[in-house]
Amino acid sequence: MKGTLILLAITICESIAQIKPAQPGDFINRIDTIINYIESNKISEEVLNTILSENNLKSTGYDHLITGSFLTASGDSDGLSHLETAEDMARAKSDSLLLIKTLIQKGVLYSKPFYRNNDSSRSYFNKALDLSIDFQYDKGITDSYEFLAFLAMREGAFFIALEYLHSLQRYIDDSDNVSYDRGALLNNTGHVYMKLNLPNEALKLFIEDYQLSKVAGEVDDQIISLINQADANLQLENNTLSLELLKQAENLFPLIADAPKQLTSIEIPYYEILGRSKAANHNYTEAIADFNTSLEKSDFKNPKGNIGNRIRCFIGISEAYLQMQDTLKAHQVLLRGEKLDKELKVALLTKAVLYKHLAQSYNRINDYHNATIFYENYLSLHKQIYDQQLTVDYVFRDINQRLSQTQMEKKLALEEAKIEKQQKFIWVLIGLFSIIVTILMLIQYKKTKIYSQEISNKNQLLQTQYELLEKNANVLAETNRKITLLNKDLELKAEQDSLTIKDKNEVIDTYAFMNAHKLRSPVASIKGIVNIYSHVPEQEQKELINYLEKEIDRLDDVVRGIQTYLNNN
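Residues numbered from 1 in each chain as written. Predicted model: local features only at pLDDT ≥ 70, side-chain atom pairs only at ≥ 80, totals over all residues. Heavy atoms only, no water.

The secondary structure content of the chain amounts to 23 helices and zero strands. Long-range contacts, defined as pairs at least 24 residues apart, comprise 61% of the intrachain contacts of the chain with a sequence gap of at least 6. For the chain, the computed accessible surface area is about 31400 Å², with 53% contributed by carbon and sulfur atoms. (Helix = DSSP H or I, 4+ residues; strand = E, 2+ residues; numbered from the N terminus. Contact = heavy atoms within 4.5 Å. Areas by Shrake-Rupley, 256 points an atom, 1.4 Å probe, with all protein chains shown as cover.)

Here S144 shows up in helix α8 (residues 138-154). Among the residues examined, S144 registers a relative accessible area of 0% and is labelled buried. Sequence-distant contacts of S144, defined by excluding residues within four places in its chain, comprise I104, F125, A128 and L129. (Buried < 20%, exposed > 50% of the residue type's maximum accessible area, 1.4 Å probe, protein only.)

Attention now goes to the pattern of salt bridges. All told, the structure shown has 21 salt bridges when counted by the stated rule. A salt bridge links D143 to K139; the nearest nitrogen and oxygen atoms lie 3.3 Å apart. Of this pair, D143 and K139 both sit in helix α8, four residues apart, roughly one helical turn. Here D143 falls in the buried class, since its relative accessible area comes to 11%. Residues participating in the shared-partner salt-bridge network are E84, E87, R91 and K106. (Salt bridge = Lys/Arg side-chain N within 4 Å of Asp/Glu carboxyl O.)

For the pair helix α4 (residues 62-73) and helix α5 (residues 79-93), the least separation of the axes is 8 Å and the interaxial angle reads 155°. Classified by the interaxial angle, the pair formed by α4 and α5 is roughly antiparallel. In this structure, α4 meets α5 at a crossing whose hand is left-handed. Together, H64, L65, T67, G68, S69, L71 and T72 of α4 and G79, H82, L83, T85, A86 and M89 of α5 make up the contact between the two elements. Grouping the constituent residues of the contact of α4 with α5 by class yields five nonpolar, eight polar and no charged. (Axes fitted to C-alpha atoms, helices over the stretch in contact; angles between N-to-C directions. Parallel < 35°, antiparallel > 145°, perpendicular 65-115°, else oblique. Left-handed = near helix turned anticlockwise from the far one by under 90°. Nonpolar A, V, L, I, M, F, W, Y, C, P; charged D, E, K, R; others polar.)

On to a nonpolar patch on the surface. Together, V428, L432, I435, I436, I439, L440 and I443 make up an exposed nonpolar region whose accessible area comes to about 640 Å². Judged by its relative accessible area of 53%, L440 is exposed. (Patch = residues over 30% accessible without salt bridge, like charges linked within 9 Å, V, L, I, M, F, W, Y side chains within 5 Å.)

Here we come to the packing of helix α9 (residues 158-174) against helix α10 (residues 182-195). In contact at an axis separation of 10 Å, α9 and α10 are set at 155° when each is read in the N-to-C sense. With respect to their mutual orientation, α9 and α10 come out roughly antiparallel. The hand of the α9/α10 crossing is left-handed. Contacts from F158, A161, L162, L165, H166, L168, Q169 and I172 in α9 reach R182, L185, N188, T189, V192, Y193 and K195 in α10. Counted by class, the contact of α9 with α10 contains nine nonpolar, four polar and two charged residues.

This brings us to helix α12 (residues 219-235). The terminal C-alpha atoms of α12, which comprises 17 residues, lie 25 Å apart, in line with the 24 Å expected from a rise of 1.5 Å per residue. Burial analysis of α12 places 14 of its 17 residues in the buried class, the great majority of the element. Of the residues trailing α12, E237 is marked for its positive phi of about 65°. (Expected span 1.5 Å × (residues − 1).)

Before going further, it helps to examine the packing of aromatic side chains. Tallying each qualifying case throughout the model produces eight aromatic pairs. Seen from their ring centres, F253 and Y270 are 5.1 Å apart, and the 75° between their planes marks the pair as edge-to-face. Residue F253 is found in the loop between α13 (239-251) and α14 (260-280), and its partner Y270 is found in helix α14; the two are separated by 17 residues along the sequence. Classification of Y270 as buried rests on a relative accessible area of 3%. Members of the aromatic cluster, each reached through a chain of ring pairs, are F253, Y270 and Y271. (Phe/Tyr/Trp six-rings, centres within 6.5 Å; stacked < 30°, edge-to-face > 60°.)

The next point concerns the side chain of N239. Its place among the elements puts N239 in helix α13. By relative accessible area, which is 16% here, N239 ends up buried. Those residues in contact with N239 that lie beyond four places of it in its chain are L234, A280 and N281.

Position of K482 among the secondary structure elements: in helix α21 (residues 405-496). Considering only alpha carbons, one finds K482 and V559, 77 residues apart in sequence, at a separation of 9.4 Å.

Because an α-helix packs 3.6 residues into every turn, residues spaced three or four apart end up facing the same way. With 21 residues, α14 should reach 30 Å at 1.5 Å per residue; the first-to-last C-alpha distance of 30 Å fits that figure. Along α14, the largest kink reaches about 25° and is centred on E267; proline P269 follows within four residues of it. Just downstream of α14 lies H282, where phi reads positive at about 70°. (Bend = angle between axes of the 7 residues up to and from the residue.)

Structure follows, in structure tokens:
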């Protein structure tokens, strides 16, 4: 299949080489055919060079245009240098058609994930639109309107996107012989209505698109239309019908199995919407599996692409885990979306929805600081999107022709009430957070004060105990001195009392017994208490002092007993 398409492209290029265009429009249409083929099919650089050489496009400027388109479609940012060269050559040769095509391709390049500069992209499309109007180049006008609508959708400015699409429709209706894919217009307009929460209007367009694609026999467009109808019915809460439509789409997959890249592009939104449909029917485990399949398909197709789909899947998985009462896993999945937002440039509306869910998730895990930050960011993005919609007056005039004034006023009032309610909630949350912080600070201050007082009291008690210990030590030393003197007096008296040796010996024996047992016992206890006093906890030191006083009293009683005995004998 791929080889046949390459041969077909070469055949087309050979025809271009043999036929010198009679008018610029024919030549550009053939260039468009080559660019469309290159963007839709993976080809090698050798095939690209063959196409350029066989059609004598080298050094014409169109070779750089086609090469830049080829690199852009391949996800290679080097395409910019070729498009810059094509633009310079177009201006040098005053080739308006080449300049218009180059400006459009530069707009496409700046809309890609590796650049994602919407302002630059919009600028190039507007320049291309102005030149196309001056040159009356129909395809330049229709392509510019389509891409400008795409950029507005990416930024969440859906009223502006709708105006561009309606302007495109009016231009097609008012012009003769303008070739444009009506199915694509129906599909894009339907998606804008979905974003504006008008699923009934979107469903009408998706059904019409399905009928057109069925008549044309375009299976891939039929599948996409069925998936879009399922999405609209899901928003209308027709879950059963949504699943039936997705089943019809799945039955058509084998018909495009020979185009795996195209099939993968279709499977990405298919599994996402299938997951949301199953989640609506409370089949949360299957829903998570489908969301993960969509994410795997996105990674396979383009690891840095399909950002909106990825974040919607993360949100869907998180919501499913919440329904399964697993708050932690729900939060962890959303953190993957937050990481994606930091790594890549996410569209404003998608970013706003992600921030809203992150704020709610942080609130659920009691991280009020991050919850407040994401709520404020969400409100800021929401206001930015809202202001973008209000700045274009003609958009509202055109929308009011399609929607009643009552619907518009009701929608705006609901949006304003929603923003006001969210702002009040944020302020209440901030107030509660401030109160909690103040209470915690007061509790901590009170604890610190009590702890300081306890330390002061313990220090004072320790000082008192130290003074008491020092006093008891002095008493003990004096007691020891008295005992020593007493022993000396007794020995002297024993030596002098030679007349009553027997009686004195008995006295001495009795004294020796009292000194060895009764007197040494309290002295030994006192020494033991003194030795362990500094090694025991503070609460036990007081008890040791009491024991020390008792032992001193017992020692005093023993000493007094000895004195009494000696005096009597």
